[in-house]
Amino acid sequence: MARDLTIAVCQTGPIQKRAQRAETVDRLVALLERAAAAGAEIAVFPELALTTFFPRWRIDDQAEIEAFFEPAMPGPQTQRLYDAAARLKIGFALGYAELTRVDGGRFNTMDLVGHDGKLVGRYRKIHVPGSSEPEPGTTVHLERRYFEPGNLGFPVFVYRGVRVGMAICNDRRWPETYRMLCLNGAEIVLIGYNTPLLLDEAPALAHLRMFHNHLPMQAGAYQNTVWVAAAAKAGVEDGQALIGGSCIIAPTGEIAAQAISLGDEVIVHRADLDLIAICRKVNFDFARYRRPDQYRLIADQV
Ligand code: CDV
């Protein structure tokens, strides 16, 4: 029997600092409704989808920092999104700033929520970029000030019989992300990102920002025979331009659907999961051809 899953990528436009959480959740619910109306069975939202990308600032006021974090998911202000998932019978993956209940850990997190509105699984960003203090000559990007590196590995969860993994922004540039998720059996990788259009440290690469967005995701999809669906937070957010380019990528490496705006936008594609086996047979039958015994560092190489 043919297997497929209809995926929606819910790109958002900027979420300004002044936006109230309720207003932002309204936007996410509206996007989820559009995704469900288009027949999607799962949707992915951006990284830190409930707030502005606050690591672009050095913030010293603890109360101000706390306001960006979620001590519980769902919480009083996000419950409506979970209720919408259950009402519309559509799952979603949502990026947010997590404050853990037990030990106060802080992570850049993405949760996978089922079509019953209940938590399916959690991923915490592993490749946390930037620094903890502003560094001269570089665009201020202080994720390492606010977040610890993820400590849950690259887990894969079963959603409607499909094996789903997640990754967050900078993770998408690293081959290890796709390889680990796919060694763990992922058939679909859901990604959220906030990527500045310009980096002060690399003006020579400015024209490549979108190319370097799609290149690793297309390569990751192709080399690991997996569907990739990636949602940007796009547009000018609190004075910083963020790229869009949200997309759905087939295991062939082809972009199957792509956003055309820098605002709230839904793109949908029915992902043919049988394509994975076809692509695997051609080049990437891991069990047959991978040689982990030879993948080792060689000391004293001349
Ligand atoms: N939010 C991110 O992880 N941003 C990174 C860079 C630009 C710091 C990215 O890879 O897009």
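For the structure itself, consult the block above.
Source: prediction; values computed, not measured. (Residues numbered from 1 in each chain as written. Predicted model: local features only at pLDDT ≥ 70, side-chain atom pairs only at ≥ 80, totals over all residues. Heavy atoms only, no water.)

Draft legend 1. Focus on the pattern of salt bridges. Under the definition given, this model contains 21 salt bridges. Residue aspartate 4 pairs with arginine 270 through a salt bridge whose shortest N-O separation is 3.0 Å. With aspartate 4 in strand 1 (residues 4-11) and arginine 270 in strand 15 (residues 265-272), this residue pair connects regions lying 266 residues apart in the sequence. Under the relative-accessibility criterion, aspartate 4 is labelled partly exposed at 32%. (Salt bridge = Lys/Arg side-chain N within 4 Å of Asp/Glu carboxyl O. Helix = DSSP H or I, 4+ residues; strand = E, 2+ residues; numbered from the N terminus. Buried < 20%, exposed > 50% of the residue type's maximum accessible area, 1.4 Å probe, protein only.)

Draft legend 2. Quick peek at the nonpolar core. Within the largest apolar cluster, 49 residues are counted, with the highest numbers of intra-cluster contacts made by Leu112, Leu190 and Val228. Leave out the neighbours within four places in its chain, and leucine 112 touches Ile42, Phe92, Ala93, Lys118, Leu119, Val120, Gly121, Phe157, Tyr159, Val164, Met166 and Leu190. Ala35, Ala84, Ile90 and Leu94 belong to the second largest nonpolar core, which has 24 residues in total. (Core = buried A, V, L, I, M, F, W, Y, C linked by side-chain atoms within 4.5 Å. Contact = heavy atoms within 4.5 Å.)

Draft legend 3. Molecular detail of the site of the ligand. In the vicinity of the ligand lie 14 residues, with Glu47, Lys125, Cys169, Arg173 and Thr195 positioned nearest. For the ligand, whose unbound accessible area comes to 320 Å², protein coverage reaches 93%. The residue inventory of the shell around the ligand, partitioned by class, reads four nonpolar, four polar and six charged. (Near = heavy atom within 4 Å. Areas by Shrake-Rupley, 256 points an atom, 1.4 Å probe, with all protein chains shown as cover. Nonpolar A, V, L, I, M, F, W, Y, C, P; charged D, E, K, R; others polar.)

Draft legend 4. Region of interest: the side chain of threonine 195. Topologically, threonine 195 is positioned in the loop between strand 9 (188-193) and helix 6 (209-224). Within polar-contact distance, the side chain of threonine 195 engages the side chain of arginine 172 at 2.9 Å. Here threonine 195 is in contact with Cys169, Arg172, Arg173, Arg209, Ala241, Leu242 and Ile243, once residues within four sequence places are set aside. (Polar contact = N/O pair within 3.5 Å; in protein donor to acceptor, adjacent residues only side chain to side chain.)

So, to be careful, I would describe these as geometric facts and stop short of saying anything about function.
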